[in-house]
Amino acid sequence: MIEVRKLVKRFGLKTVLRGLDFQAQAGEFVALLGPNGAGKTTFLRILASLSRPSLGEVKIAGYRLPDQATAVRRRLGVVSHLPLLYGDLTAEENLKFYGRMYAVPDLGKRIAEVLELVGLAARRRDLVRTFSRGMQQRLAIGRAMLHDPEVMLFDEPHTGLDQEACSMLDGVLREVAARGRTVVMTSHDLARTAELASRFDVLSGGLIAASVERGEIEPNDLLRFYRQAVMEA
Amino acid sequence: MKNRAISVKNSVEPGKTDSPSATSAYLGALWAVVWKDLIAELRSRELLSAMLVFSLLVILIFNFALELDPQTRSTVTAGVLWVTFAFAGTLGLNRSMATEKDRGCLDGLLLAPVDRSALYFGKALGNLFFMFSVELIVLPIYSALYNTNLFQSGLLLVIALGSVGYVAVGTLLATMTVQARTREVLLPILLFPLAIPVLIAAVKSSSGFLQGIDTAEIMPWLNLLLVYDVIFTAVAYMVFDFVVEE
């Protein structure tokens, strides 16, 4: 589903990604771990077609980036630590706007489903700027799922969320994974990641330094695995 | 909220979206951007109120600063009007793009599966609507304060063409500068030199209509205005994708 070969990303003289190789099969849930500044967000932004690779090949669902970016974006849902929502629109209006951007069929029904899914049906007519951080993030997840994408990218989605919102997010993530969607998620929360992902990749020094399947490692060993991978990179 | 089981079925199967024709998807996205900007502005009134207050203050200050006889008035009116529209327009363009930067909304727009020129035209149409709204309020007030009739078809045409050119290049540059920390300062620095051909042509043709000069003499300026409108719009259409991408 996702295929990345020899990906290089440079910002001026600074090289962030140095020939990175990455693959994710359909239905796989990959947790992308790494220290701050390792290039996780840069990598996700390239997958999301928001940033252009300097060198290398990126394919998602068989479509090449950046040449076939429109076809890729149709199959992508992106959740970042920012909600990508308009404060002066209501929850329902925000979804209506994004639904029109994605040409979602039967939009009214779909919005009702998504609001129910993220637990905001009762607040559908409230302005987003009156929402708490957790509620905005829940709506952001609804926004990303509105067009039912095949691939979902989560960039540190637990940032700034309280325990209740984190649990709700975990529920949505499990639901997404259960439906066979391909998920790539960056996170610093190893405990939560250990319960959710089917594979753990460590990005360090601009490369995937280590990768392990969930079945190959005990949940308690994830921290040790991560530290070792970062030290060896 | 309880961490409950989620059993909602999706109405869209993966890879089987009812893909509408490319044109209707393009127009749908373009209209969605305009609709979103209008609704948000209707609620906040941040953009229009800033533009209006600024415009009225400028007109009022000029009214007191210049002791005008009717002859002088017809020669300076075009300049006063376009100074007002240009600076108020910059305020509006800055504010319009700042709302996209807030909460990362620009990324949300860029993730949409449409040709990115639809985003540009959507934003430009919204900005044009706000500029026209301010002009529609400013013109009668100016007419009353300066005892001049500004509701002449020729002058209205010039104002429409000048606004289109200004907004066309302004929306593109506002999208570029919105990423910068000093965007409020950067936009006018970049915009005014580029918009000079439009502003000069607009001032000259406005002045011509106000002084009752023969239309044949004004036509070269009007043509220039029209050409710049087309060039700016075409260039913005071609380069917008590169401007917004990292």
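Conventions and cut-offs
- Residues numbered from 1 in each chain as written.
- Chains lettered and ligands numbered in written order.
- Predicted model: local features only at pLDDT ≥ 70, side-chain atom pairs only at ≥ 80, totals over all residues.
- Helix = DSSP H or I, 4+ residues; strand = E, 2+ residues; numbered from the N terminus.
- Rg over C-alpha atoms; globule rule 2.2 N^0.38 Å.
- Buried ≥ 20, exposed ≤ 12 C-beta atoms within 10 Å, placed from the backbone.
- Contact = placed C-beta atoms within 7 Å.
- Pairing = 2+ DSSP bridges.
- Axes fitted to C-alpha atoms, helices over the stretch in contact; angles between N-to-C directions.
- pLDDT = per-residue confidence, 0-100.
- Nonpolar A, V, L, I, M, F, W, Y, C, P; charged D, E, K, R; others polar.
- Core = buried A, V, L, I, M, F, W, Y, C linked by C-beta atoms within 7 Å.
- Expected span 1.5 Å × (residues − 1).

## Topic: the overall build of chain A
A tally of regular secondary structure across chain A gives 8 helices and 10 strands. In terms of C-alpha radius of gyration, chain A reaches 18 Å, essentially the compact-globule figure of 17 Å for 233 residues. C-alpha atoms of chain A, sized along the principal axes, occupy 50 × 40 × 30 Å. Evaluated residue by residue, chain A yields a buried proportion of 51% over its 233 residues. In chain A, 69% of the contacts between residues at least 6 apart in sequence involve partners at least 24 apart.

## Examining the overall build of chain B
Looking only at helices and strands, chain B has 8 helices and 0 strands in total. Ordered by position from N to C terminus, the α and β elements of chain B give α-α-α-α-α-α-α-α. Once the C-alpha set of chain B is aligned to its principal axes, its extents read approximately 75 × 40 × 30 Å. Across the 246 residues that make up chain B, the buried fraction comes to 43%. Contacts in chain B between residues at least 24 apart in sequence constitute 83% of all its contacts with a sequence separation of at least 6.

## So, the sheet that holds strand 4 (residues 55-60) of chain A
All names here are of chain A. The 4 strands are arranged 2-1-4-5 in an open sheet whose pairing can be described as antiparallel. Each edge of the open sheet carries a strand with a single partner, namely strand 2 (14-24) and strand 5 (63-65). In this sheet, adjacent strand axes meet at a mean angle of 25° when their direction is disregarded. Alignment of strand 4 against strand 5, held across 3 bridges, turns out to be antiparallel. Counted as the bridge partner of V58 is L65 from strand 5.

## Structural notes on the confidence of the model for chain A
Mean pLDDT over chain A stands at 90; residues scoring 70 or higher make up 100%. Averaged pLDDT values for the elements of chain A fall to 82 in helix 6 (residues 163-178) of chain A and rise to 96 in helix 3 (residues 91-101) of chain A.

## Let's talk about the pairing of strand 8 (residues 182-186) of chain A
Residues and elements named next belong to chain A. Most of strand 8 is tucked away, with 5 of its 5 residues classed as buried. The two faces of strand 8 match: T182, V184 and T186 on one face and V183 and M185 on the other face are all buried. Relative to strand 8, strand 7 (residues 151-155) is paired through 5 bridges, and the arrangement is parallel. Counted as the bridge partner of F154 is M185 from strand 8.

## Some points on the interface of chain B and chain A
On the chain A side, the residues contacting the 35 residues of chain B number 44 residues. Top element by residues in the side of chain B that touches chain A is helix 1 (residues 22-44) of chain B. It accounts for 9 residues. Counted by class, the side of chain B that touches chain A contains 17 nonpolar, 9 polar and 9 charged residues.

## Things to note about unusual backbone geometry
All names here are of chain A. The peptide bond linking L65 to P66 adopts the cis configuration, its omega dihedral lying at 5°. Unlike most non-glycine residues, A103 shows phi in positive territory, near 50°. One can find A103 in the loop between helix 3 and helix 4 (107-117). Unlike most non-glycine residues, D106 shows phi in positive territory, near 50°. With respect to the secondary-structure elements, D106 resides in the loop between helix 3 and helix 4. Residue class for D106 comes out exposed when judged on the 12 C-beta atoms lying within 10 Å of it.

## Here we look at the nonpolar core
Core analysis: the biggest nonpolar cluster contains 147 residues, and A:L47, A:L153, A:V183, A:V184, B:A29 and B:V169 have the highest contact counts within it. Not counting residues up to four positions away in its chain, the partners in contact with A:V183 are A:F29, A:V30, A:M152, A:F154, A:L173, A:V176 and A:A177.

## Describing helix 1 of chain B
Residue and element names in this part refer to chain B. Compared with an ideal rise of 1.5 Å per residue, which puts 23 residues at 33 Å, helix 1 spans 33 Å between its outermost C-alpha atoms and is within 8% of the ideal. Among the residues making up helix 1, those that are buried are A25, A29, L30, A32, V33, K36, D37, A40 and E41. Looking one or two residues past helix 1, R45 carries a phi angle of roughly 50°, positive in sign.

## A few points about the environment of A:L153
Residues and elements named next belong to chain A. Tracing the backbone through its elements, the reader meets L153 in strand 7. Placed 56 residues apart in sequence, L153 and A209 show a C-alpha to C-alpha distance of 20 Å. Apart from residues lying up to four places away in sequence, L153 is in contact with L44, L47, A48, L76, V78 and V184.

## Examining the environment of B:L128
Residues and elements named next belong to chain B. Summarising the element assignment, L128 is placed in helix 5 (residues 117-146). Overall, the presence of 21 C-beta atoms within 10 Å leaves L128 in the buried class. With 99 residues separating them along the chain, L128 and A29 place their C-alpha atoms 17 Å apart. Contacts of L128, omitting those with residues within four sequence positions, involve S163, V164 and V167.

## What about the sheet that holds strand 7 of chain A?
Backbone-to-backbone hydrogen bonds join strands into a sheet, with any given pair of strands oriented parallel or antiparallel. Residues and elements named next belong to chain A. Taken together, the 6 strands give an open sheet; going across it, the order is 6-7-8-3-9-10, and neighbouring strands pair in mixed fashion. Single-partner strands in this sheet number two, and they are strand 6 (76-79) and strand 10 (207-213). Strand-to-strand twist in this sheet, taken as the mean axis angle between neighbours without regard to direction, amounts to 15°. The pairing of strand 9 (residues 199-204) with strand 10 spans 6 bridges and is classified as antiparallel.

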